Structure formats: C-alpha cells, structure tokens
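Below, each chain spelled out in residue letters.
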Amino acid sequence: MTLLTLMPLLFLSLVSAAAPPAGKAPAPAAPVAAEPERDDELAESARELEELRKAREGDESSRAVDRALEFLASQQRDDGALVGPKPKDGEEPIARLESTKTGYGMASTSLAIMAFLANGHVPGRGPYGEKLERAVAYIRSFAAPNGLVNHPQSVGRRIMYTHGFCTLMLGEVFGMSRADLDEVYRKAVRLILSAQDIPKGVNDAGGWRYTPDTGDSDMSHTGEMVSAIWVAKGCGMDVPQRNVDRAAEYIKHQHSANFGGFGYRGPGKGSYCTSGSGLLSLQLLGHRNSPEVVRTADALSSEPITWRSAWFYLGVYYTNQAMFQMGGRYWERWRDHSSRLLLTHQNKDGSWPDAQGHSERNIGPCYRTAFAVLALSIPNQILPSFQR
C-alpha cells in the first residue's frame, strides 16, 4: 500500500459533535477512536509520510511551505480563526476584508486549514494539531440549521463564496479521516445541491452564484462548488448524476472556442481564475478529453500566468490544479513557471504579498499565503481534491 492510499487513515481526531450556536466559543472535539485492525496500516502510513517529508527537506518549495505554515499558525486568534491578530479597540484591521464578519475570514480560515492538511498536518496530532482542531471547530460553530456555513453578519455576494470553501474544507477533513459523516457536513453539501436546483434561465442553469437562492450563475462560484461536490462524492455523499451533468453543461456553455478559455458569465477568454476553474471542473466531472479541456490547456500553456495577473492567488490555485490533472508536458512546464513565481515573491516572514494586479490587496495575508501553499503542495496528492 502507498502513502496516498493510506493517508485517509491518519486523521484520528475530528470535530464530530454538533456545532454550537453561531458566534459562541466552540467546545473541544472528542477524538474519533481508531479501529484496532487499522493500527498497522496507520503506522505504515505515518512512516511513509515521514519519508516523504525527509525526501523534501532540501527542496526549496518545501522550505517555503514550512515557513508559510509557521506564519499561518502565528495568525490564529483566540476564537480559532486563522485570519491574523484581532485589531485593538479603535484600530482598523490591516486586512479589512479578512475580518471574520465579511465572510472572507471564514474562507481564509478554511483555506489555511487545507494548507496544513495538504502537507500531512492533522487535527489533534503533531505540532499544529491543537490549532487545527480549534480552527475546524470555529468554522463548524457557524453552521446554520439549513446547512449554510457562513458568518451571520456576512451578506450578499460573499455568502456562497464562504460556504463553498468551508464545505470543501470539511470534505477534505472527512475524506482523509474516513470518519462517519455528520449532519453539519451533510447539510452543507445538500445546500450546494439545492442551490443548483433553483429555477434559472437557459444561460444560467446548472451553475451557482452569490446566494443559495439566486437565479443566475457565474464560472467562479460554479468551479468552487464543483470541487466541493466532487470531494463530497468521494466521501460517500449522494451526489446525483443529474447535478454532475448539469454542472458540466453549464461550464461548457462558458467556453470560447476562439479564445480557448472560460468566461465569467458567458463565453469568453476569461481570467486565469475562470479558465483554470473551468478546466479543472470539467476534468473532475469526467470530461478530461473534451475539446473544451484540450483547447483551454493549450491556451493557458501559450500564455502562462504572471505576477501582474488579476486575482493572481486564486488563479494560480485553480490553474495549478488543472494543469496537474492534465499531467505530462502541461504540468511540467506550468509547475516550473508557477513555482518560480511563488518562491520569488515570498516574504521573509513566510507570508505572501499582494501581487501587482492588486485584486487581492485587501483580503489579507492569510488568504494569499494559504492559496500559495496549496498551489505548491498539489504534487503531494495528500488532499482528496488533489488526487489524479
């Protein structure tokens, strides 16, 4: 057995109790006991993970990731959120949009959790175990009875953005633990599926956008939800094929054969975010050899992402995953280029700065750093969503 098949056995501590009321301090999670027959496999998995870490000790990317994880851990607040120090009374936060009340703080926390998971750090174990338990519990504390995972003061366009990344993170945790799925996660996934089923016009059917009841769709939100339901399906959740097919149909409608990309709302060249998201989503949905996939991969290869690109970190997160799924020459060239960009611009404290496109300036260093770590960690194939 290999590390990739055994990694799901590493997570023994999960936050599996029902979530406390939104905004209240979450109670510590009770550990999930390991089954006796799994002990040998768990030990072997831990040994293989340690071998992986030793093999990468001299690797520049590995050192950069280690510094970034130390930075993220240092930014945890008392409530468990991984969004940076809480501003003092009368003081404006450095990263205004990373405030937990905007919803971006919950998304940043979920992304930061995934950054740790992608490098083999587990809740309840190891140097970051206690911090990860608190961070997962923080996210779960905002789960509403209808399944929505979102700060109660966050409204408008950030609702599904927050919910999608929180749900994806919970799926990564459960997918790696093989624990029984609880109602918080089940309801979160069901809300995504029900949001897709809202009656929409022909150009929006099959996709998602800002709120669970919106009648329109866009490529950015749709790509995020596709990743969440793909992981949910791997966790054993019931994801009807009709939802999969409708998502794929919507995404194909956003593709431009002329430009070789996916538009934000309608066919077009799109950005690295939308084209990377569309390319990744179609592969996850089973359309790996479709013309839309091949054209987009070729177009991205001919015009790689740059430090000036708008929404650089979200873009490199999606395009790195998409090109990794493509494999071969696509991935090799893209990996070398994107890794060099990220490693060149890392701050001395382990965080990443705003890129020259300035789209992510106000969202904060935890958001940017988490995306950068995830982009660099894809080859580990530890996260369920990073599996080929």
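Please read these numbers as outputs of a predicted model, since none were measured by experiment. (Residues numbered from 1 in each chain as written. Predicted model: local features only at pLDDT ≥ 70, side-chain atom pairs only at ≥ 80, totals over all residues. Heavy atoms only, no water.)

## Details of the overall build of the protein
Here comes step 1: A count of helices and strands for the protein gives 14 helices and 2 strands.
Here comes step 2: Evaluated residue by residue, the protein yields a buried proportion of 57% over its 388 residues.
Here comes step 3: Here the protein displays about 15,900 Å² of accessible surface, and carbon together with sulfur accounts for 51% of that area. (Helix = DSSP H or I, 4+ residues; strand = E, 2+ residues; numbered from the N terminus. Buried < 20%, exposed > 50% of the residue type's maximum accessible area, 1.4 Å probe, protein only. Areas by Shrake-Rupley, 256 points an atom, 1.4 Å probe, with all protein chains shown as cover.)

## Focus on the packing of helix α12 (residues 312-326) against helix α13 (residues 328-345)
Here comes step 1: Where α12 meets α13, the axes come as close as 8 Å, and the angle between the chain directions of the two elements is 155°. One way to sum up the angle between α12 and α13 is to call them roughly antiparallel. For the element pair α12 and α13, the recorded crossing hand is left-handed. Counting all contacts with α12, which are made through F312, Y313, V316, T319, N320, M323, F324 and M326, the residues of α13 involved are G328, Y330, W331, W334, S338, L341 and L342. (Axes fitted to C-alpha atoms, helices over the stretch in contact; angles between N-to-C directions. Parallel < 35°, antiparallel > 145°, perpendicular 65-115°, else oblique. Left-handed = near helix turned anticlockwise from the far one by under 90°. Contact = heavy atoms within 4.5 Å.)

## Concerning the confidence of the model for the protein
Here comes step 1: Taken residue by residue, the protein gives an average pLDDT of 85. The fraction at 70 or more is 79%.
Here comes step 2: Within the model, pLDDT remains below 50 along residues 1-36, and this stretch shows 93 contacts once partners closer than five positions in the same chain are excluded.
Here comes step 3: Every residue in residues 91-98 is under pLDDT 50, and counting partners more than four places away or in other chains gives 24 contacts. (pLDDT = per-residue confidence, 0-100.)

## Brief notes about the nonpolar core
Here comes step 1: Grouped together as the largest cluster of nonpolar side chains are 110 residues, with contacts concentrated most on F165 and Y185.
Here comes step 2: Not counting chain neighbours up to four residues away, the residues in contact with Y185 comprise T167, L170, G171, F174, A228, V231, A232, C235 and M237. (Core = buried A, V, L, I, M, F, W, Y, C linked by side-chain atoms within 4.5 Å.)

## Points about the packing of helix α4 (residues 104-117) against helix α14 (residues 365-377)
Here comes step 1: With their axes 8 Å apart at the nearest point, α4 and α14 run at an angle of 30° to one another. The orientation of α4 relative to α14 falls into the category roughly parallel. In terms of crossing hand, the pair formed by α4 and α14 is left-handed. Of α14, the residues touching α4 (which contributes S108, L111, A112, M114 and A115) are Y367, A370, F371, V373 and L374.
Here comes step 2: Partitioned by chemical class, the residues of the contact of α4 with α14 number 9 nonpolar, 1 polar and no charged. (Nonpolar A, V, L, I, M, F, W, Y, C, P; charged D, E, K, R; others polar.)

## Here's the deal with helix α11 (residues 291-302)
The periodicity of an α-helix, 3.6 residues per turn, causes residues three or four places apart in sequence to face the same way.
Here comes step 1: The first and last C-alpha atoms of α11 sit 17 Å apart over 12 residues, in line with the 16 Å expected at 1.5 Å per residue.
Here comes step 2: Close packing links the buried residues of α11 with α9 (241-253), β1 (255-256), β2 (261-262), α10 (272-284), α12 and α13. (Expected span 1.5 Å × (residues − 1).)

## Thoughts on the packing of aromatic side chains
Here comes step 1: Taken as a whole and assessed by the stated rule, the structure comprises 13 aromatic pairs.
Here comes step 2: For the ring pair W307 and F312, a centre distance of 5.0 Å and an interplane angle of 70° mean the geometry is edge-to-face.
Here comes step 3: W307 gets classed as buried once you look at its relative accessible area, which sits at 9%.
Here comes step 4: What makes F312 buried here is its relative accessible area of 0%.
Here comes step 5: Judged by centre distance (4.9 Å) and plane angle (85°), the ring pair of Y367 and F371 falls under edge-to-face. Here Y367 and its partner F371 are both found in helix α14, 4 residues apart, which amounts to about one turn of the helix.
Here comes step 6: Given the relative accessible area of 0%, Y367 is considered buried.
Here comes step 7: One aromatic cluster is present, built from ring pairs that chain together Y161, F165, Y317, Y318, Y367 and F371.
Here comes step 8: Directly above the ring of Y330 sits R329, whose terminal nitrogen or CZ lies 4.3 Å from the centroid.
Here comes step 9: Across the ring face of F324, the terminal group of R388 is positioned such that the distance to the ring centre comes to 3.7 Å. (Phe/Tyr/Trp six-rings, centres within 6.5 Å; stacked < 30°, edge-to-face > 60°. Lys NZ or Arg CZ within 6 Å of the ring centre and 35° of its normal.)

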